[in-house]
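Chains, contacts and geometry: an overview
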Amino acid sequence: MKNNFCLNLDLPVTIDLSEFDRIKSTDIDCTIFNQFDLSLDKNLNEFLKKYRLEICHSEVFYTPPNTTTVIHIDSDDIASKTKINYVFGASGSQMQWFKPKDSTIVPGLKKTVIDTYYYYYNDDQCDLIYSAEVAQPSMVEVGVAHNVVNNTNEPRWCLSYMMYDPYQKTRSSWADVHERLQEFVVH
């Protein structure tokens, strides 16, 4: 199967980790999945503007050791959309992408703790179609059902930046981001 789900990037930009460091130092329940708002990274956003892309939303995900997250689609629509992710810790953890077993299955819709939406599926409703370790940085397809499997003994932190086309006024598809950032894809 063609990889339309996760590609490592070699971006010539340094992201600002000060807010991430602050979030990591807060008192959180390290035994459960957590999600936090993250300010827009100015360095990354200025770099992306050269390629007619911007960040429209940023967040941090914390996945505890030996945890598998729910199968879900980011946002409140089922359409291709791309994030740039930076993962810290849990080397060997995987993102997995799925296809519903039946095209008539209607996923549930929920709101996250940071007031964003996601569609979710039960594990028995989907078949695995692709799996990859997400390096830093990577572009990932989040408009296809996916989850994270942290089968390590380390916590996994992920800084996640949703791509947006300010000229088309829409979240950017996988094909669009891939085309614009092709020179930075690690082969």
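This section reports on the structure supplied with the text. This structure is a prediction, so every number in the text was calculated from the model and none was measured.

1. Structural notes on the side chain of Ser58
Examined against the element boundaries, Ser58 turns out to sit in strand S3 (residues 54-63). Beyond its immediate stretch of four places on either side in the chain, Ser58 contacts Asp37, Leu38, Ser39, Leu40, Ser160 and Tyr161.

2. Regarding helix H2 (residues 42-49)
Of the residues making up H2, those classed as buried are Leu44, Asn45, Phe47 and Leu48. Around the axis of H2, the buried residues are gathered within 160° of arc, so they sit on the same side. Among the structural elements, S3, strand S6 (82-88) and strand S13 (156-165) are those in contact with the buried residues of H2.

3. What to know about unusual backbone geometry
The amide bond that connects Gln136 to the next residue, Pro137, takes the cis arrangement and shows omega of -15°. If you trace the backbone, Pro137 turns up in the loop between strand S10 (126-132) and strand S11 (138-141). In this structure, Arg52 is a non-glycine residue whose phi angle is positive, near 60°. Here Arg52 shows up in the loop between H2 and S3. The partly exposed category is assigned to Arg52, whose relative accessible area is 42%. Positive phi, normally seen in glycine, also occurs at Ser75, with a value near 85°. Here Ser75 lies in the loop between strand S5 (71-74) and S6.

Rules used in this analysis
Residues numbered from 1 in each chain as written. Predicted model: local features only at pLDDT ≥ 70, side-chain atom pairs only at ≥ 80, totals over all residues. Heavy atoms only, no water. Helix = DSSP H or I, 4+ residues; strand = E, 2+ residues; numbered from the N terminus. Contact = heavy atoms within 4.5 Å. Buried < 20%, exposed > 50% of the residue type's maximum accessible area, 1.4 Å probe, protein only. Arc of directions from axis to C-beta.

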